[in-house]
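Structural overview for review
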Amino acid sequence: GLTPGSTIFIRFWEYNNDNNGSFQICVTQPPPAPANDECAEALGLTVNPDLVCAAVRQGTTVAATPSTGQTNPTCSATGANDDVWYSFTAVNTTHVISITNISGTTDMIMQVYSGACGSLVAVQCSDPEYMTVTGLTPGQTYIVRVYTWSSSSGTRSTFNICVGTLPPPPANDNCSGAISLTVNPNLNCGVVTAGSTVSTTASTGVPAPSCAASGAGDDVWYSFVATSTTHRVELKDINGPVTDMVFAVYSGSCSALTQLVCSDPNFNLVGSLTVGATYYVRVWTYTSTAASYANFNICIGTLPPPPANDESAGAIALTVNSNYDCGVTTSGTTASATQSADAAPTCSATGINDDVWYTFTATNAAHRISFSGTSNTMAAALYSGTAGSLTFITGACASTT
């Protein structure tokens, strides 16, 4: 609201009068509004034949002004004070629009319209910086409005915008097309299989999973033949708009599935398997948002044999150090360990399904036992007596040292 040519005075002071010092001050002016500041100036976008986004268009909301005479967006309309405009011609009934490489204000909105400037009809609005727009008419031109989420007048962003095209559904979109997975002989995941939920549809004729069922609208299917009674299923290297994934493991056939495990964490064990039997793995994104998809690798791993000290009778003798420096340590693992039948501790007993055993000969009236590992939390219990006839002394529960 300034008048060009007028003189403006700026008064500047230290707030609490307790820390006087020098400073620098600068006056700037915004650049001209971007070329696509208004709907009538919408810049054309190239429609990519896939989701790789080889063709993107750089954009900015710097110095953009609120558009007048246009239909308000249907989401976050209060932030549409720095909107810029684009257009594209649909080549498919569904396209994916994404905003990437955002700098400045990173929370952005986009609204797709049909019709002409001044009489726009809202099609779809998205707060996430990607959306799958459906129900489009090939050959028809659509308008895209982009702006920052915040209604603050100082917000601005630079970004890339892309219009992509969904590929056909993958071959393993349904259980009948499940892709066979290689079973690794260990947990190193030397062999993985690449997967994606892009263009997938909800499976029919199969039971709903017992966890995150509302998100199973983009599931894909795999199978493996058990080589052990226990395997670990793991989703790795997840990327895309959604990185929270879910999987379920089933026995039976595609027409008669029985769920064995449903896991929101990206890895889990599935036990009580029959060697030589085929099992099915269903993978999907956690969110129920229709625009969601993820790319990932899937691995079937095999647990090693139980460690030698899986039971108290096989306890490994520890060296007693002469001070707290722990000059001599002993490596251990709970991988493949099973629950022991020995006396339960008074704490963390519910988690003691993977315990291993050690012994030491006391050289003093007091000793300190310290441990660390790759698990977020570990627990230890101290006993006296003999294997199979132990008496609980004390425990360090849910600790990392």
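Located above this text is the structure these notes cover.
So, a few notes on the structure that sits alongside this text.

The next subject is the overall build of the chain. Tallying secondary structure elements over the chain gives 0 helices and 22 strands in all. Computed over its C-alpha atoms, the radius of gyration of the chain comes to 30 Å, more than 25% above the 21 Å expected for a compact globule of 401 residues. Overall, the chain is about 95 × 75 × 30 Å in size when its C-alpha atoms are taken along their principal axes. For the chain, the exposed area adds up to about 21700 Å²; of that, 52% sits on carbon and sulfur atoms. Taken as two groups, the 8 positive and 24 negative side-chain charges of the chain have centres that lie 7 Å from each other.

On the surface, Leu2, Ile8, Ile10, Phe12, Phe23, Ile25 and Val27 cluster together into a nonpolar patch covering about 820 Å² of accessible area. Mapped onto the elements of the fold, isoleucine 8 is located in the segment before strand E1 (43–44).

How two aromatic rings sit relative to each other is set out by the distance from centre to centre and by the angle between their planes. Across all of its chains, the model carries 9 aromatic pairs by this definition. Look at tyrosine 222 and phenylalanine 296: their rings are 6.3 Å apart centre to centre, the planes differ by 80°, and that puts the pair in the edge-to-face class. In this pair, tyrosine 222 is assigned in strand E12 (residues 220–225) and phenylalanine 296 in strand E18 (residues 295–302), connecting sequence segments 74 residues apart. Of the two residues, tyrosine 222 and phenylalanine 296, neither departs from the other in class, the shared state being buried. Here the aromatic cluster, defined as three or more aromatic residues joined through ring pairs, consists of Trp357, Tyr383 and Phe392. It is arginine 11 that lies over the ring of tryptophan 13; its NZ or CZ is 6.0 Å from the centre. Lying over the aromatic face of tryptophan 284, arginine 282 brings its terminal NZ or CZ to 5.9 Å of the ring centre.

Let's shift gears to the pairing of strand E7 (residues 130–133). Residues Tyr130 and Thr132 point to one face of E7 and Met131 and Val133 to the other, with burial holding for every one of them. As judged from the 4 bridges shared by strand E4 (residues 95–104) and E7, these two strands associate in the antiparallel manner. Looking at E7, one finds that histidine 95 is bridged to valine 133.

Attention now moves to the state of the cysteines. Under the definition given, this model contains 6 disulfides. There is a disulfide in this structure between cysteine 75 and cysteine 125, and the S-S distance comes to 1.9 Å. Note on the cysteine 75 and cysteine 125 pair: the S-S dihedral is about -75°, so by sign convention the disulfide is left-handed. With cysteine 75 in the loop between strand E2 (57–60) and strand E3 (84–89) and cysteine 125 in strand E6 (residues 119–126), the pair connects residues that are 50 residues apart, well separated along the chain. Residue cysteine 189 pairs covalently with cysteine 299 via a disulfide, S to S 2.0 Å. The sign of the S-S torsion, about -95°, decides the handedness of the disulfide formed by cysteine 189 and cysteine 299: left-handed. Of this pair, cysteine 189 sits in the loop between strand E10 (179–180) and strand E11 (193–196) while cysteine 299 sits in strand E18, and the two are 110 residues apart along the sequence.

Let us now look at the environment of aspartate 264. With respect to the helices, strands and loops of the structure, aspartate 264 is situated in the loop between strand E15 (256–263) and strand E16 (267–270). Of the residues examined, aspartate 264 reaches a relative accessible area of 31% and is grouped as partly exposed. As a C-alpha pair, aspartate 264 and alanine 226 span 38 residues in sequence and 22 Å in three-dimensional space. Excluding residues within four positions of it along the chain, aspartate 264 makes contact with Cys211, Asp244, Met245, Val246 and Tyr286.

Tracing the backbone through its elements, the reader meets arginine 145 in strand E8 (residues 141–148). When its relative accessible area of 2% is taken as the criterion, arginine 145 is described as buried. Ignoring sequence-local partners within four residues, the contact set of arginine 145 consists of Ser67, Gln70, Thr71, Asn72, Pro73, Asp83, Val84, Trp85, Ile109, Met110, Gln111 and Tyr113.

Once that is clear, we can look at unusual backbone geometry. When glycine is set aside, most residues are seen to have a negative phi, and most peptide bonds are trans. With a phi angle near 50°, asparagine 101 is a residue other than glycine that sits in the positive phi range. Residue position: asparagine 101 is located in strand E4. At serine 199, a position not held by glycine, the phi torsion is positive, near 70°. The topology assignment puts serine 199 in the loop between E11 and E12.

Time to look at the sheet that holds strand E9 (residues 157–165). With respect to topology, 4 strands assemble into an open sheet ordered E2-E9-E4-E7, the strand pairing being antiparallel. With partners counted over all chains shown, the strands left at the sheet margins are E2 and E7, one partner each. In this sheet, adjacent strand axes meet at a mean angle of 25° when their direction is disregarded.

This model, assessed by the stated rule, comprises 3 salt bridges. Two residues, arginine 232 and glutamate 234, come together in a salt bridge whose shortest N-O distance is 3.0 Å. Judged by its relative accessible area of 21%, arginine 232 falls in the partly exposed class. Exposure remark for glutamate 234: the relative accessible area of 14% places this residue in the buried category.

Definitions and limits used
- Residues numbered from 1 in each chain as written.
- Predicted model: local features only at pLDDT ≥ 70, side-chain atom pairs only at ≥ 80, totals over all residues.
- Heavy atoms only, no water.
- Helix = DSSP H or I, 4+ residues; strand = E, 2+ residues; numbered from the N terminus.
- Rg over C-alpha atoms; globule rule 2.2 N^0.38 Å.
- Areas by Shrake-Rupley, 256 points an atom, 1.4 Å probe, with all protein chains shown as cover.
- Lys, Arg positive; Asp, Glu negative; His and termini not counted.
- Charge placed at Lys NZ, Arg CZ, Asp CG, Glu CD.
- Patch = residues over 30% accessible without salt bridge, like charges linked within 9 Å, V, L, I, M, F, W, Y side chains within 5 Å.
- Salt bridge = Lys/Arg side-chain N within 4 Å of Asp/Glu carboxyl O.
- Phe/Tyr/Trp six-rings, centres within 6.5 Å; stacked < 30°, edge-to-face > 60°.
- Buried < 20%, exposed > 50% of the residue type's maximum accessible area, 1.4 Å probe, protein only.
- Lys NZ or Arg CZ within 6 Å of the ring centre and 35° of its normal.
- Pairing = 2+ DSSP bridges.
- Disulfide = S-S within 2.5 Å.
- Contact = heavy atoms within 4.5 Å.
- Axes fitted to C-alpha atoms, helices over the stretch in contact; angles between N-to-C directions.

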